[in-house]
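Structure assessment
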Amino acid sequence: MNAKVFKTQMPTTTDSNVVKIAVEMADQNPQLKGFNQTQPLAAIIQDLCNGWNLTEPEQYALQFSEVNNQNYVTEKNRNEVKNGSVLRLAHSPSKTAHDILQKLNSGTNEEKVGALQKLSSLSTDVTFALEFINKQGLGYIIGLIENGKCVGGMLAYSLLSFVELMDHGIVSWDILEVPFINTVASYVNNQSSTAQDGKVVQASLSILENIVLNSSGKYGHVEKEVTFPNLVMHLQSQNQAIQLNAISLINALFLKADPAKSKAISATLCSKQVRNVIWTNIIQSASGQVGTEMAHQLYVLQTLSLGLLEQRMNIKMDPQDQDAHDKIKELRRIAFDSDGTGSTDGVARRQHGGYAKDYKKLGFKCDINPAMDFTETPPGMLALDCMIYFARNHTESYTKVVLENSCRADEHECPFGRTSVELVKLLCEILHIGEPPSEQGQNYHPMFFTHDHPFEEFFYICIVLLNKTWKEMRATTEDFVKVFSVVREQITRALATQPAELSMFKARLQLLTYAEITNLWQQERTSREEWESHARPVTQLKEMITPEIMELIQQQRLGFLVEGTRFTKYSNRGQRIKDKFWYVRLSPNHKVFHYGDCDEKCVPTLEELPNKLAVVDIKALLTGKECPHMKDVRGRKTPHQLAFSLTLDSVDVTSLDFVAPNEEEYDYWTDGINALLGNKMLSKETENDLETLLSMEIKLRLLDAEGVDIPQEPPPIPDDPPNYDFCYELK
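Predicted model, so just to flag it, every value in this text is computed and none were measured. (Residues numbered from 1 in each chain as written. Predicted model: local features only at pLDDT ≥ 70, side-chain atom pairs only at ≥ 80, totals over all residues. Heavy atoms only, no water.)

1. Focus on the sheet that holds strand β12 (residues 655-659)
The three strands lie next to each other as β10-β11-β12, forming an open sheet whose pairing is antiparallel. Edge positions in the sheet fall to β10 (618-623) and β12, since each of these pairs with one other strand and no more. Taken pair by pair, the neighbouring strands of this sheet meet at an average axis angle of 15 degrees, ignoring direction. Pairing of β10 with strand β11 (residues 643-648) involves five bridges; the strand directions are antiparallel. If you follow L622 over to β11, its bridge partner there is S645. (Pairing = 2+ DSSP bridges. Helix = DSSP H or I, 4+ residues; strand = E, 2+ residues; numbered from the N terminus. Axes fitted to C-alpha atoms, helices over the stretch in contact; angles between N-to-C directions.)

As structure tokens, this is what we get:
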């Protein structure tokens, strides 16, 4: 250790409770010690103090000396001391807190700044923080900040120390009074040189956020004191910590606001000016790769903004809502009244029930009273909001979608009204509208920060996609669920690419056609099955059921031989004998082959076949050119690949020679004969059948595990318990 001299006091014991450590102290040579986890810390510190000739060991304590961990060693965390750890002997938390307070009360300005800097560092340790708070140190820091006389480093370290001390939850945030909040808020609002210190602004934003989230009644005062223009200005800071704390405070105010204030906050945040600030200074400047904490805050902001749609999503249409009725009429007028007035023609159609026909063409489930389509919640009135937005802002696309479907055959039309309601419901599910932000959420969509009406624009893109997919699938109304399963997949896959703008999202959807989705599903299914087939639990299952499958294949082959086959006759030289056939069948008890001549269409019974061959008399199975009737064949095209022979022990007949009609029957016969002889079935058909049946059986047995990831290795079987005392005895 850089030529330092160590006092070696290593114990000779090999006790597992003793770890070897080094202990440092300012202006002293380090000591190598055995740290006994069963020995009281006070005794270990006493021993160290003796080694350095230090009196008053009660005023000393051990600290970790790692860069990211300089906490005091206590009885609670002493198990973190491992072999090779380097600790530091320093003044105890109580003495250190006393010394800092003494300097703050009577030291020079320079000493006060140094003490506050040390305090801000030590306050991250709950052991020290508790001692400092018990000595009324927190009250002193609050007073120091509240009087507004601190400047520069003294102010920065006071605020940082306060943040760290409060972060442990030892003291309630309700202790803070209005003067303190006003002072801290002034550092956020004031753009003078005093507040330009990044640490001051960063800490002040953090304090105000905690007051909003953790105090019982101070939200209103913070909301009154801190102006949104000033918070938005901090989003433009080059200091990422200030940006993060500013957006965190915005989210805290948004989260705690009542519904009326939430709408006002959302309107401010969704304004083009504020959106451009967030887009330019946070999302775009980081090329979309913002830090984990910033991603979480952007996710929270997006969730809260979209969450304001929950009210409309859960409201049914009121029959007395004239504005909603007017919107439904406007949907019909924009679609079918090309001149925009609908005066004369509209009156005539209304008199003859024409509106009902128009509403039917618009695809409403209830064409007599379309208002009934908006009584389901969700999506409630939000569906009508999205539909009227589409009609007003993308009129050409709207009329195209409606008129295209009204011209199709009834069974193939994509009902605009019904699909719009279901699509809005689907989009609410995908974006989790109505759910509060989660603590770990980070999945935000940059494109929603690029438009004044992001959800409505999102709907417009997706309803056009839905109609395109409907056409590609040649769907009918019976395929409604199938179409929506594909559309859900298209939308979620496009969102997963994190498109920066809505136009990029739209372009991505154009590539995710129905054919592409089907192809991706097939690839993923194949890939998953291939991966799972190599997982150890699956391979073990395969090994277990393969004998069952082979038994099943063998039974099928023997059953095929029992049914029998008509073979063409061949001469001893391998020449086909024209119009001559013979038939061979295996007896049901699998002991005797029956064979004899037959005509081209005859299927003789066992009794009609005069010749018999006992299976026990079969010596061997020969195939291909090894067969006796194929050995002398040269220079001619012969079906030797379909030939097989049974060699016999008989003196009169040495072999029974076959030429199968086709490759499949050749495989079945050779498999069946091998099975009778106790040999392995090695044909291609057996291999294919085994693979097919094994795959089907595996899938059937894993049906209960559908959607569950199968591990590459099975979980370990736990060891037996030391005893079974927990079992009850039956009496």
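2. Quick word on the layout of surface pockets
Quantified by volume, the largest pocket comes out at close to 700 Å³. Mapped by element, the contributors of at least two residues to the lining of the largest pocket are α12 (259-269), α13 (272-284), α14 (292-307), α19 (381-393) and α22 (454-472). In terms of residues, the lining of the largest pocket owes the most to one element, α19, which gives six residues. Tallied by class, the residues present in the lining of the largest pocket amount to 15 nonpolar, six polar and eight charged. (1 Å grid on protein atoms, 1.4 Å probe; cavity = no way out; pocket = protein on both sides within 12 Å on 5 of 7 lines; lining within 4 Å. Points joined across faces, edges and corners; volume = space filled by probe spheres on them. Nonpolar A, V, L, I, M, F, W, Y, C, P; charged D, E, K, R; others polar.)

3. What to know about the nonpolar core
Side chains that are nonpolar tend, in soluble globular proteins, to be buried together. Judged by nonpolar contacts, the single largest core of 81 residues is most densely connected at F132, L159, F162, I207, L208 and L298. Residues within four places of I207 in sequence aside, it is in contact with L159, F162, V163, W173, F180 and V184. Counting residues in each nonpolar core, the second largest holds 67 residues, with L309, F364, F448 and F484 among its members. (Core = buried A, V, L, I, M, F, W, Y, C linked by side-chain atoms within 4.5 Å. Buried < 20%, exposed > 50% of the residue type's maximum accessible area, 1.4 Å probe, protein only. Contact = heavy atoms within 4.5 Å.)

4. Quick word on the pattern of salt bridges
For the coordinates displayed, the defined rule picks out 19 salt bridges. Between K261 and E223 there is a salt bridge, with the nearest N and O atoms lying 3.6 Å from each other. Residue K261 is located in helix α12, and its partner E223 is located in helix α9 (residues 219-225); the two are separated by 38 residues in the primary sequence. Taking the relative accessible area as the measure of exposure, E223 reaches 29% and is therefore partly exposed. Salt-bridge contacts for D323 lead to K327; the nearest nitrogen and oxygen are separated by 3.6 Å. Here D323 and its partner K327 are both found in helix α16 (residues 322-336), four residues apart, which amounts to about one turn of the helix. K327 sits in the buried class, given a relative accessible area of 13%. (Salt bridge = Lys/Arg side-chain N within 4 Å of Asp/Glu carboxyl O.)

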